[in-house]
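Commentary on secondary and tertiary structure
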Amino acid sequence: MDRSKQAVAQRLADAHYAIEPGIELIVQLIAAPDREVDVKEPIKLLEVNQNTTTDGIRPVFFGAHLESGIYYPSVIVEVTPREYERLHRDPNSLPNGWRLGHEFAKAVPAGPR
Amino acid sequence: MSASYVEWRIAYARQALADLHARDRILEHSDVPDCQQLHFLQMACEKVCKAYLCGQGVDPETLRSSHAYISGPLPVIARQQFAQETGGPQSDRTWVINSIRALARKIELLAPAIDAGGRQPSNCEYPWTGPDGTVQVPCGYNFGLDLLYEKAGRHLLKILYSAATELTKLPPL
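Residues numbered from 1 in each chain as written. Chains lettered and ligands numbered in written order. Predicted model: local features only at pLDDT ≥ 70, side-chain atom pairs only at ≥ 80, totals over all residues.

Turning to the overall build of chain A, a few remarks are in order. Secondary structure summary: chain A contains three helices and five strands in total. Going residue by residue from the N terminus, the α and β elements of chain A occur as α-β-α-β-β-β-α-β. For chain A, the C-alpha radius of gyration of 14 Å lies close to 13 Å, the compact-globule estimate for 113 residues. Each principal axis of the C-alpha atoms in chain A carries an extent, and together these give about 50 × 35 × 20 Å. For chain A, the residues scored as buried account for 36% of the 113 residues in total. Pairs at least 24 apart in sequence give 68% of the contacts found in chain A among residues at least 6 apart. (Helix = DSSP H or I, 4+ residues; strand = E, 2+ residues; numbered from the N terminus. Rg over C-alpha atoms; globule rule 2.2 N^0.38 Å. Buried ≥ 20, exposed ≤ 12 C-beta atoms within 10 Å, placed from the backbone. Contact = placed C-beta atoms within 7 Å.)

Rendered as structure tokens:
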């Protein structure tokens, strides 16, 4: 199993897309480069979810879970599609110097052949 | 002079926030058993719900002696937050509320005093006797509750932070 931060982030994003149909997009949040290389720096996912409340940026923290292949702590930020539009226009409104990073694509279910 | 319901509401909410922050600190250490962060999660849920109930005019004295105040109020708090949403198309959140209700019951059962009539003695604090007669210990037990992977799990945590923060505020004069 790939233990890189990027691979773990992808696994988390895939799992969250699979369990929550309301998630439209998942974007990685990136800290300053010197922080991001630290193994203690959490994976940070911004989840655009039509089923969440409009509460602004409220990061929630999760620990690493080695048994399930989550080798790093993680921070999840859920926002509504409207909040994401605003964030996209003003990325500086993200806290902790975070910036928007890689967008994780939603897997397209295989159709009938 | 006795403290007002508002004072109790704010006090419960402040302590709930402290419990949530303690949970965050615990999660920074992957060698700490799961029961510890779940214990703080259970306590935070209970205090957010008690803060909410004090704000609704429930006598704080009646709330002090029980831990069974999560599965009822928590889905109501979540529904209220959705109801406050304005503008934009509203999607059907029934499944979110139902998922939060199920999670709230699981969290409520983490308290040692709540055991579903003896059917679920597992809890985050004290050892108990398992179905095979052996003594089970919280620090070695898999509670099967990981909000990172549960439906609406992340949302439940967001609601807890949001509600606790809101409930610490003084009402407008």
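Still more ground to cover, so stick around.
Taken together, the 23 residues of chain A in the interface contact 22 residues of chain B. For the side of chain A that touches chain B, the secondary-structure elements that each account for two or more residues are α1 (5-19), β3 (60-62) and β4 (74-79) of chain A.

Below, the discussion takes up the nonpolar core. Cys45, Val48, Leu160 and Ala164 of chain B are the most contacted members of the largest nonpolar core, which has 68 residues in total. Sorting elements by how many residues they give to this core places helix α2 (residues 34-55) of chain B first, with 13 residues. (Core = buried A, V, L, I, M, F, W, Y, C linked by C-beta atoms within 7 Å.)

Residues and elements named next belong to chain A. Across the sheet, five strands lie side by side as β3-β4-β2-β1-β5; this open sheet has mixed pairing. Of all the strands in the sheet, the pair left with one neighbour each is β3 and β5 (99-104). Looking at each pair of strands side by side, their axes are set apart by 30 degrees on average, direction ignored. The pairing of strand β2 (residues 43-49) with β4 spans six bridges and is parallel. Pairing of leucine 45 across the sheet is with isoleucine 76, part of β4. The strands that α1 touches are β1 (23-30), β2, β4 and β5; relative to β2, the one it contacts most, it runs at about 25 degrees. (Pairing = 2+ DSSP bridges. Axes fitted to C-alpha atoms, helices over the stretch in contact; angles between N-to-C directions.)

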